[in-house]
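Residues per chain are reported as follows:
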Amino acid sequence: MLYDVSRAMTLFLSIWSQVSLAAPHFLGSPADETVARAAWDAAEACTGRPGRALREIELRYRTIPGGYLGVAHTTDEGQLFRIDLNTDPERHREVLVHEVAHAWVSEGPIALVEGAAELLGDCMVARTPGLATLQFDDGRLLTGLQDLRQWALPGTHHTESLGTIRTDAYIGAARLMRTASLVLPPGALWPSDGLSWEGFEAQLKEAGPGGAKILEALEGGAAAQREALADRDLDGVPALAEALLHTSDQAFDSDGDGWWDGAILGTPPDSVAIPMDGSPVCSGWVPGQGTSVHVYSGGNLRGQDPPRVIARPGSSEPGWRPTHRTGRSWGTTVSLAPTGASILLQLEGSALNTTGAPWARVLGDHLSPDPGCHTTPQATLWAHDRGLVPLIKPLSAQVGEGIKRATERFGPATTRVAIALGGDHSTVEGHIVWLSTEEVRRAVATDKLTELAYLAVSLHHLWSRGERDWRAGEALARSLALEPRASAPEPSPP
Ligand SMILES: [Ca+2]
Ligand SMILES: [Ca+2]
Ligand SMILES: [Zn+2]
């Protein structure tokens, strides 16, 4: 995260006559002007006051010394008059949000200025759907973080302060402000006259036990700050914030409801959390007749545009490959949903270099609630063969028990479990366990549904570790069915 704010030391007097209270004009590419203007409006709404800028703000595309992605140039009075951009056009949105925020936040120590600009950037994005991604944070451990209170002013960077140290300082400052915002009143971190360390610490002192904890970490220096601001579970919530929120800093989803701990932004109704491992989840809908569905995705992925989430028909065969097109608005896809087949949602592409996670929802005609698909945080089951819909719920419970047993004995699987019921062959393909109609019917007839569930869990377990051996899966399933020895009741003494 390489942004900067730079104070112009000399300005011609003629510039002063341009000072204006109305929203400024941005002069750049049409796309960037639109984003900058929307960012301006959002910042005004977030802070409740006008930003400080000259009447015109130039967007300049140039290579910036020091490798910064953007620089906000402000006058001695803190008025924004130019934004330099030094990154791919795809990242302009995120950088523009940050630099526009400097029209509200530019006075004070750099850690507080940059941290507050990032926090304001988050607010701007949260209240303006489609504006940009949240400010970048890939979850790094901040091993290069120095004491944030000692962060030097821009322009005085020594070689050792570039690279990791500087990036960690930006991310560390942002995480500090995200944490402090949990205990301080709204707006406390971007006061109109700027924030000083004394002012910040005084506010924390007044903010009860939470404020005291933050103050303690801050005063503990670099080591304490690294520890407090780590985000090892990659949910976008720093360790100290997790302590304040009573969530675990070792679990992406502390309460096990499928939603990650950092899912703090408003999500639309009917949206579902999309697993980052690419496994499918139920959308909750089934079309009464063939229709085209739009998938809208969002989330609080930091530094990542809305992910591509795609609809997968529950009737798709094991060798299915996605066919869809990009929707008209940002972060949407469109695809055909066949009659009577569950609509599943999954992330397209590989793991993302970010904290947070995506959500998605589907919109389309002829959709009704789907009884043929069931999602738990650990597993998704659906009826490929709609005749097997009544078995989804009972089998899901057995699968949950199987996963519990497998996890106790072998540790957690690397991905969630996905099980499709129906089709001609039982197989495992693309991390989905397919149980044929015949095999499922046989298990029902012989009262062996539990064994079938354990088989699916075992196959998933082996396949996710690269062991493609059906017989080993059957053997593993038999061992899961045995009661663990430790829990067997001891014979009571006579
Ligand atoms: Ca965390
Ligand atoms: Ca949760
Ligand atoms: Zn900045």
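Residues numbered from 1 in each chain as written. Chains lettered and ligands numbered in written order. Predicted model: local features only at pLDDT ≥ 70, side-chain atom pairs only at ≥ 80, totals over all residues.

Asker: Looking at this structure, I do not really get the environment of W197. What am I missing?
Answerer: Along the polypeptide, W197 turns up in helix 5 (residues 197–205). A tally of 14 C-beta atoms within 10 Å means that W197 is categorised as partly exposed. Sequence-wise, W197 and R149 are 48 residues apart; in three dimensions their C-alpha atoms are separated by 7.6 Å. (Helix = DSSP H or I, 4+ residues; strand = E, 2+ residues; numbered from the N terminus. Buried ≥ 20, exposed ≤ 12 C-beta atoms within 10 Å, placed from the backbone.)

Asker: Any chance you could explain the sheet that holds strand 7 (residues 281–282) here in plain terms?
Answerer: In sheet architecture, strand pairing relies on hydrogen bonds along the backbone and comes in two forms, parallel and antiparallel. If you walk across this open sheet you meet the three strands as 7-13-10, and the pairing is antiparallel. Both edges of this open sheet fall to strand 7 and strand 10 (309–313), since each of them pairs with a single strand only. With five bridges joining them, strand 10 and strand 13 (residues 343–347) adopt antiparallel strand pairing. Residue I310 lies in a different strand from strand 13, and its bridge partner there is Q346. (Pairing = 2+ DSSP bridges.)

Asker: What am I meant to see in the packing of helix 10 (residues 437–445) against helix 11 (residues 449–463) here?
Answerer: Between two packed helices, what matters for the description is the angle formed by their axes and the separation of those axes. At a minimum axis separation of 8 Å, helix 10 and helix 11 run at an interaxial angle of 140°. By the angle between their axes, helix 10 is oblique relative to helix 11. Each of V440, A443 and V444 in helix 10 lies in contact with helix 11, whose residues at this interface are L449, E451 and L452. Classifying every residue of the contact of helix 10 with helix 11 gives five nonpolar, no polar and one charged. (Axes fitted to C-alpha atoms, helices over the stretch in contact; angles between N-to-C directions. Parallel < 35°, antiparallel > 145°, perpendicular 65-115°, else oblique. Contact = placed C-beta atoms within 7 Å. Nonpolar A, V, L, I, M, F, W, Y, C, P; charged D, E, K, R; others polar.)

Asker: Before we go on, may I ask you to explain the nonpolar core in this structure?
Answerer: Inside soluble globular proteins, nonpolar side chains tend to come together where they are buried. By size, the foremost hydrophobic cluster in this structure holds 135 residues, and its most contacted members are A39, A43, A116, L120, M124 and I419. Sorting elements by how many residues they give to this core places helix 3 (residues 110–127) first, with 10 residues. (Core = buried A, V, L, I, M, F, W, Y, C linked by C-beta atoms within 7 Å.)

Asker: Can you help me understand unusual backbone geometry in this one?
Answerer: Positive phi values are uncommon outside glycine, yet H246 reaches one of about 60°. Within the secondary structure, H246 sits in the loop between helix 8 (239–245) and strand 6 (272–273).

Asker: Explain the pairing of strand 17 (residues 379–383) here, please?
Answerer: Each regular strand carries side chains that alternate between the two faces of the sheet. A large share of strand 17 lies buried, amounting to five of its five residues. Alternating residues of strand 17 divide into A379, L381 and A383 and T380 and W382, and every residue in both groups is buried. Here three bridges tie strand 16 (residues 373–375) to strand 17, and the two strands are oriented antiparallel to one another. Its bridge partner lying in strand 17, H374 is registered against L381. Taking the sense of rotation as the criterion, the β-α-β connection linking strand 17, helix 9 (residues 392–410) and strand 18 (residues 417–421) turns out left-handed. (Right-handed = clockwise from strand over helix to strand, strands pointing away.)

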